[in-house]
Amino acid sequence: MEASDQRRLLREMLFARRFEERCAQAYQEREIGGFLHLYPGQEACAIGVLEKARKGQDYVVTGYRDHIHAIQCGVDPRAVMAELFGKETGTSRGRGGSMHIFDIDRHFMGGYALVGGPFPLAIGFAKAIQLRGGDEIAICFLGDGANNQGTFHETMNMASLWNLPVLFVCENNLYGIGTAIERASSEINQYLRVAPYKIAASQVDGQDLDVVMAAAETAIQYVRGERKPYFLELMTYRLRGHSMSDSGAYRSKEEVERWAQRDPIGIYKRRLIDASVIDEAGFRSMDEEILQDIEDNIIRYARESAEPRVEDLERYVYVEGGPKPWLK
Amino acid sequence: MEASDQRRLLREMLFARRFEERCAQAYQEREIGGFLHLYPGQEACAIGVLEKARKGQDYVVTGYRDHIHAIQCGVDPRAVMAELFGKETGTSRGRGGSMHIFDIDRHFMGGYALVGGPFPLAIGFAKAIQLRGGDEIAICFLGDGANNQGTFHETMNMASLWNLPVLFVCENNLYGIGTAIERASSEINQYLRVAPYKIAASQVDGQDLDVVMAAAETAIQYVRGERKPYFLELMTYRLRGHSMSDSGAYRSKEEVERWAQRDPIGIYKRRLIDASVIDEAGFRSMDEEILQDIEDNIIRYARESAEPRVEDLERYVYVEGGPKPWLK
Amino acid sequence: MAEMMYWQAILRAHDEELARDPLVFAMGEDIGVAGGTYKATSGLYAKYGADRVIDTPISENSYTGLGIGAAMLGCRPIVEIMSVNFAWLAMDQLMNNAAKIHYMSGGKIRCPFVLRVPGGTAHQLGAQHSARMEKVFMGVSGLRVVTPATPRDAYGLLKSAVRCDDPVVLIEHESMYNLKGEVPDEEFFTPLEGVEICRTGKDLSIFAYNISVHWALQAADQLAKEGIDAEVIDLRALKPLDRDGIAASVRKTHRAIIVEEDEAPVGVGSEVIAILNEEAFFALDAAPVRVHARDVPIPYNRRLEKAAIPNAEEVVAAARKLLGR
Amino acid sequence: MAEMMYWQAILRAHDEELARDPLVFAMGEDIGVAGGTYKATSGLYAKYGADRVIDTPISENSYTGLGIGAAMLGCRPIVEIMSVNFAWLAMDQLMNNAAKIHYMSGGKIRCPFVLRVPGGTAHQLGAQHSARMEKVFMGVSGLRVVTPATPRDAYGLLKSAVRCDDPVVLIEHESMYNLKGEVPDEEFFTPLEGVEICRTGKDLSIFAYNISVHWALQAADQLAKEGIDAEVIDLRALKPLDRDGIAASVRKTHRAIIVEEDEAPVGVGSEVIAILNEEAFFALDAAPVRVHARDVPIPYNRRLEKAAIPNAEEVVAAARKLLGR
Ligand SMILES: Cc1ncc(C[n+]2csc(CCOP(=O)(O)OP(=O)(O)O)c2C)c(N)n1
Ligand SMILES: Cc1ncc(C[n+]2csc(CCOP(=O)(O)OP(=O)(O)O)c2C)c(N)n1
Ligand SMILES: [Mg+2]
Ligand SMILES: [Mg+2]
């Protein structure tokens, strides 16, 4: 891989981290409301997988922890932040909020609040692709907890039966809110759960960007080429609480500390420094640039954008000006 | 096994067959209404498994094809038939019908119409047993099609997580209504589908009563002793339509013919004849007795029983005279 | 103009739409090889193939969700759930996703998804197979809900639903698939909004939908013999409900009966009464009357079942009483 | 008499019932080790152990069904679904099984199952986390539905629900868990039937339930300052609904407002209006008025969200208009 690409990827991870941290601050300052689920610790997952996808072509869907997935699909971070600020310039015109980023132009098909809800949608995208005959694929990112939902089972079965081109990425961060995986799943290795559906599957370290990219490349090539589903489990960890209200009491400081040692940004940064692709100073200035960009462009844009008009409250329940063939 | 037990078992299977055939006739004569799902061809499943259960103690639940399971739990066949006739003397006072036989005294916890619905109930029974501390078990009989429902997955996971004493019996008759198993399940061997839940499982011939009994004995012993779930798949076939309205167009005559060769009653009868436990004449007179019994005792009882009173239409929505602690 | 059965009208709409647009597909349990429980998709599997006429596993929530996802990318899925009772399993995808995606994406994602489902009480199918769930679908913002009462509308509403850019739930009726009626030979579309006046009258308005339209019409015939001139209105589109159309009739007749196959609480009847109170209270000469099912899970026994569900005679009796006869 | 918060009242009821009866158990996502999203089960895991205070996988339909099955054998499960929106996933077990088992077994099987679920719109949680679903639960025969508006009732209704032999759905509210109120020190039980008159008055009746009771009471205070004497009625038991209690108030006041946090169609408001029409039509001096949410999926933006949901001021305005002031 080119050094410039490596630097770009490091920058994308760092941007993701800073973006999310800035969201947390805005939440505390009440510029963002609702539920806010942040991504720090898991950056290598979305960034690694989507690096190997065809951005803007493949269709991507995920849960409520969706900012970074959207941004990695090419969604304008300013529109994401504006959405969090509830503004008309937001990806969902301020109607969606953090859990519901959408960008049909970038083929980012949304964040969803109900655990397990995106599974069936993902095979719906794959079905549409299949009917249209293109070579895109659908990619569904979800957590470990989602795999206990009935939709997991039903979806895997149909994906396999009908050879649907869909990549399931399980970001296994070992918890569903405060419930540890071994207390919720009779099989903790999630990739083993798809064996009966005869879906190809693998499990890799989700903290190492290079490992994720390699696994994603294999997986995506398989789905795109074979037109069949694949299940990729990425072992990861969220370094912050589940959402902004999280006592943290369900896991030990030591455990969090141990995983902080495996921070994906730290791992990748060290690798690039060792390979002389970047140095500490370069990293610091990259960071400063990012922080500046977030503040000057993103936050400012979100803050200065207009709110939706209350008069528009009832728009978008139904499609405006949709076809009424009976009037012809 | 004692010859008398063998004869009894043969009689139970034959009774089951004749009972169901008589139901079909009563349906055609409009003495029975609604949906009617009959059991011919699958007799060795319910009869073999329940022979090894503690009848009246273990809790049994199943789907809509429930007459024989109920009867094998010790439910009075007259009350079952009366239920089908919609009579007040029926197991459910004529409110339930064919799909909803209940007998709490015999621990027959019901037939249910929604495919997959009984899975969670079964682990609920097991949970109750666990809390009370007895050594009963729960037994859930369902079809192959039911395993595609989300409740299958959710239930297996919890059964395993919490070591619930439940035996799942999958009567795999290769079809869900008119859809062949390979068109609905990505894995046609149903017992392989529970591997990720770490549930012990096996698959045996469901047409051979001795095979079923042996497998059931192992399975029940396991569940009762280990206080853990077990999944037993019985390969079987229904010789009649799914319900009384079934064109049969989805399967070939040859296929049905082939399975008719493996009729569980035929297999067992031949075995008993070979072992000189019974002879043709004995079998014929057994059959005649059964037919007579069904006509004279069961049909007559059902026919002569009173219908529910229309004035009682609104009874049983809520428990009558239930506790109202706020009145104290 | 040909006479055809309700199921044939549904089949014809499927066939025309499948032939027209390669992104239309049909999906449900036993709809393909077996041709559908009520034959409404028979022959389509052979004609359009397994990719577009799809037999599903028994996985209501997820194949509904699959349809919703495909609709978001511009497909026009027609998903059948075999009986409305099973739709309880699919409510998550339907209510949390289909009904909300357009709104919560700020209008940026469309979901032209069609759900067909037979509802209602048929012939002794018991409590778990006799649900009438119109009120559930029409209670939540975001869906459109229509209820064809005739072969004509079974055809015309399905055609309109497939072309509509919003999610549409079509509630058919298990007891109506063999109902016969005239259906025009040329292609046409039934409006997804507005009431349909089935019979004009001046003495009272009888509001009905789905199967109860037939009870209302029978009742009106009987009432006519007694010199009572009833207007019969098929609500047809339950969501959005045509407030003006409802009020207009009662401004003329001053009296209203609503006939619903469902148990009364928070049902179509209560909503029509609320609308009449809001729109035409002082036009009401008497309290509007609900003719409705008894508030019980539907019993198996035939007599009890019959007693639980309303019928034309109850409508006639209610009308007589309302008019003081 | 101690002052405590709504969540503390729920916790106390749990604790007492768990201590009393070994067949009572609590179950839900994150209710055990984590103590519950709103602390309503905090400390119980340590006290009663993992077998009776059960953290579940994210499998709403099946753990609801597990509770129902256990109830059929005499257990008294208290199942929590973390948010009413997720209850769409559990409707199959709830509606097809819990609501119908007693009836379809001819009264032979009991199902003393309790579901606790916070409903309502809280603080910008968006369309998939703001459902108000009272109408869904109360529309189907077989369940009991109650809505505690105060810590007192949060305690007393849960106590009664656990003792009740029928399935009971308790709809709490995400925005009320920190609400404070007096709760008697001695054990008591709130009726699962009948309305509660929160404030007597003679000029109009304001019907409310759950969080809208507080809007109604605030409105009544404001109206009192303007010389309007409002009666405020907490419907509290939505199923079965107290027809007599509802009618009695309006026979006295002749005017009615119903305040519901939900969108109007086929909702509590429409049902109360239908009941008033049926029971007290000629006692009505004016059309009853619904104060309700706008018919939209709830938007995230704070201003839009506020505009979508009713409040005390809207009740005041409606009352003024109703009384011609
Ligand atoms: C159907 C449903 N049930 C419960 C919840 C509440 N909830 C939100 S996130 C979550 C945990 C999900 O865990 P996981 O899938 O592992 O994702 P993670 O948050 O760890 O990324 C739960 C239970 C929900 N949003 N939807
Ligand atoms: C939730 C639900 N979906 C669909 C149906 C319609 N249905 C009734 S039986 C059946 C097939 C079930 O097949 P299987 O589980 O193999 O049982 P079998 O009838 O073969 O014994 C279907 C789809 C139903 N009753 N419930
Ligand atoms: Mg997780
Ligand atoms: Mg089968």
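Residues numbered from 1 in each chain as written. Chains lettered and ligands numbered in written order. Predicted model: local features only at pLDDT ≥ 70, side-chain atom pairs only at ≥ 80, totals over all residues. Heavy atoms only, no water.

## A word on the domain arrangement of chain C
Residues and elements named next belong to chain C. Short version of the rule: Here the bounds of each domain stem from an automatic or database domain assignment. The contact definition used throughout considers only heavy atoms, calling two residues in contact when any of these lie within 4.5 Å. Joining two parts hides part of their accessible area as seen by a 1.4 Å probe, and the buried area is that hidden amount summed over both. Every case where a carboxyl oxygen of Asp or Glu lies within 4 Å of a side-chain nitrogen of Lys or Arg is listed as a salt bridge. The term polar contact refers here to a pair of N or O atoms within 3.5 Å; inside protein, the definition further demands a hydrogen-donor-capable atom paired with an acceptor-capable atom, and it admits residues adjacent in sequence only when both atoms are side-chain atoms. Comment: elements are numbered from the N terminus, with helices defined as DSSP H or I runs of at least four residues and strands as E runs of at least two. Three classes are used: nonpolar for Ala, Val, Leu, Ile, Met, Phe, Trp, Tyr, Cys and Pro, charged for Asp, Glu, Lys and Arg, and polar for all others, with Gly counted as polar.
Domain annotation for chain C reports domain 1 (2-183) and domain 2 (196-322). For domain 1 versus domain 2, the distance between C-alpha centres works out to 26 Å. If you look at the interface, domain 1 gives 30 residues, while domain 2 gives 28 residues. Carbon and sulfur atoms make up 53% of the surface buried where domain 1 meets domain 2, a total of about 2300 Å² over both sides. Run the count over domain 1 and domain 2 and you get 4 salt bridges. Salt-bridge contacts for Glu 263 lead to Arg 132; the nearest nitrogen and oxygen are separated by 3.1 Å. Where domain 1 packs against domain 2, one counts 16 residue pairs in polar contact (both at pLDDT 80 or more). Among the secondary structure elements, those contributing two or more residues to the side of domain 1 that touches domain 2 are helix H6 (134-138), strand S6 (144-146), helix H7 (151-163) and strand S7 (168-173). Taken together, the residues that form the side of domain 1 that touches domain 2 break down as 14 nonpolar, 10 polar and 6 charged.

## Things to note about the coordination of the magnesium ion (ligand 3)
All names here are of chain A. Note the threshold: Because water is not among the atoms used, a metal site may look incomplete, as its donors are only the N, O and S atoms within 2.8 Å, or 3.2 Å for Na, K and Ca. Throughout, exposure labels follow a simple rule: accessible area from a 1.4 Å probe, protein chains only, divided by the maximum for the residue type, with under 20% read as buried, over 50% as exposed, and the rest as partly exposed.
The coordination sphere of the magnesium ion (ligand 3) contains the protein donors Asp 144 (OD), Asn 173 (OD1) and Tyr 175 (O), at a distance range of 2.0 to 2.1 Å. In primary-sequence terms, the residues that donate to the magnesium ion (ligand 3) follow D-x28-N-x1-Y. Just as Asn 173 is buried, Tyr 175 falls in that class too.

## Re the pairing of strand S4 (residues 166-172) of chain B
When you tally the buried positions in S4 of chain B, you get 7 out of 7 residues, the bulk of the element. The alternating pattern of S4 of chain B places Val 166, Phe 168, Cys 170 and Asn 172 of chain B and Leu 167, Val 169 and Glu 171 of chain B on opposite faces, both of which are buried.

## Structural notes on the interface of chain A and chain B
Between chain A and chain B, the residue contacts involve 21 residues of the former and 21 residues of the latter. Together, the buried faces of chain A and chain B total about 1700 Å²; carbon and sulfur atoms form 45% of this surface. Among the residues of chain A in contact with chain B, His 153, Ser 186 and Pro 196 of chain A are the three that bury the most area, contributing 36% of the side total. Along the contact surface separating chain A from chain B lie 2 salt bridges. Two residues, Lys 198 of chain B and Glu 187 of chain A, come together in a salt bridge whose shortest N-O distance is 3.7 Å.

## Some remarks on the site of ligand 2
Keep this limit in mind: We call a residue near a molecule or strand when any one of its heavy atoms sits within 4 Å of it.
The environment of ligand 2 is made up of 21 residues, and the closest members are Tyr 64, Arg 65, Ala 113 and Gly 145 of chain B together with Glu 60 of chain C. Lying at an intersection of chains, ligand 2 is approached by residues of chains B and C. For ligand 2, an oxygen atom lies 2.8 Å from a polar atom in the side chain of Asn 173 of chain B. Between His 242 of chain B and ligand 2, the recorded distance is 3.4 Å, taken from a side-chain N or O atom to an oxygen atom.

## Here we look at the packing of helix H2 (residues 43-51) of chain B against helix H7 (residues 209-226) of chain B
Between two packed helices, both the angle of their axes relative to each other and the distance between the axes serve to describe the pair. All names here are of chain B. Keep this limit in mind: To get an axis, a line is fitted to the C-alpha atoms, and for a helix only the part in contact is used. The angle between two axes follows their N-to-C directions and goes from 0 to 180 degrees. Any angle that falls under 35 degrees is termed roughly parallel, while one over 145 is termed roughly antiparallel, one within 65 to 115 roughly perpendicular, and all others oblique. Helix crossings fall into two classes, left-handed where the near helix is turned counterclockwise from the far one by less than a right angle and right-handed where it is turned clockwise.
Contact pair H2 / H7: the axes reach a minimum separation of 8 Å and the direction vectors enclose 45°. In terms of axis orientation, H2 runs oblique to H7. For the pair H2 and H7, the crossing hand works out as right-handed. Along the contact surface, H2 presents Ala 44, Cys 45, Ile 47, Gly 48, Val 49 and Glu 51, while H7 presents Leu 209, Val 212, Met 213, Ala 216 and Ile 220.

## Focus on the site of ligand 1
For clarity, the cut-off: Computed with a 1.4 Å probe, the accessible areas rest on the Shrake-Rupley method; for each residue, only the protein chains presented here act as cover.
Taken together, 21 residues are adjacent to ligand 1, and Tyr 64, Arg 65, Ala 113 and Gly 145 of chain A together with Glu 60 of chain D come closest. Flanking ligand 1 are residues from chains A and D. Between an oxygen atom of ligand 1 and a side-chain N or O atom of Arg 65 of chain A, the distance comes to 2.7 Å. Here an oxygen atom of ligand 1 sits 3.4 Å away from a polar atom, N or O, in the side chain of His 242 of chain A. Summarising the interface, the protein chains cover 96% of the accessible area of ligand 1, which totals 580 Å² for the free molecule.

## Comments concerning the coordination of the magnesium ion (ligand 4)
Coordination of the magnesium ion (ligand 4) by the protein comes from Asp 144 of chain B (OD), Asn 173 of chain B (OD1) and Tyr 175 of chain B (O), over a distance range of 2.0 to 2.1 Å. In the primary structure, the donors to the magnesium ion (ligand 4) are separated according to the pattern D-x28-N-x1-Y.

## Thoughts on the relation of the copies chain C and chain D
Put simply, the rule is: Superposing the copies works by least squares over the C-alpha atoms of residues that have pLDDT at least 70 in both of them.
Overlaying chain C on chain D yields an RMSD of 0.0 Å, the required transformation being a rotation through 180° with an accompanying axial translation of 0.0 Å. The transformation relating the two chain copies, once decomposed into turn and shift, fits a two-fold axis.

## Details of the environment of Arg 243 of chain D
With respect to the element layout, Arg 243 of chain D can be found in helix H9 (residues 243-253). Residue class for Arg 243 of chain D comes out partly exposed when judged on its relative accessible area of 28%. For the pair Arg 243 of chain D and Val 146 of chain D, spaced 97 residues apart in sequence, the C-alpha to C-alpha distance is 15 Å. When residues no more than four places from it in sequence are discounted, the contact partners of Arg 243 of chain D are Arg 290 of chain C together with Ile 275, Glu 278 and Glu 279 of chain D. A distance of 2.7 Å separates the side chain of Arg 243 of chain D from the side chain of Glu 278 of chain D, its partner in a polar contact.

## Observations regarding the side chain of His 129 of chain C
If you trace the backbone, His 129 of chain C turns up in the loop between strand S5 (114-119) and H6. According to the relative accessible area criterion, His 129 of chain C is buried, its value standing at 6%. In contact with His 129 of chain C, not counting residues within four places along its chain, are Phe 35, Met 99 and Ala 113 of chain B together with Asn 85, Phe 86, Gly 120 and Glu 174 of chain C.

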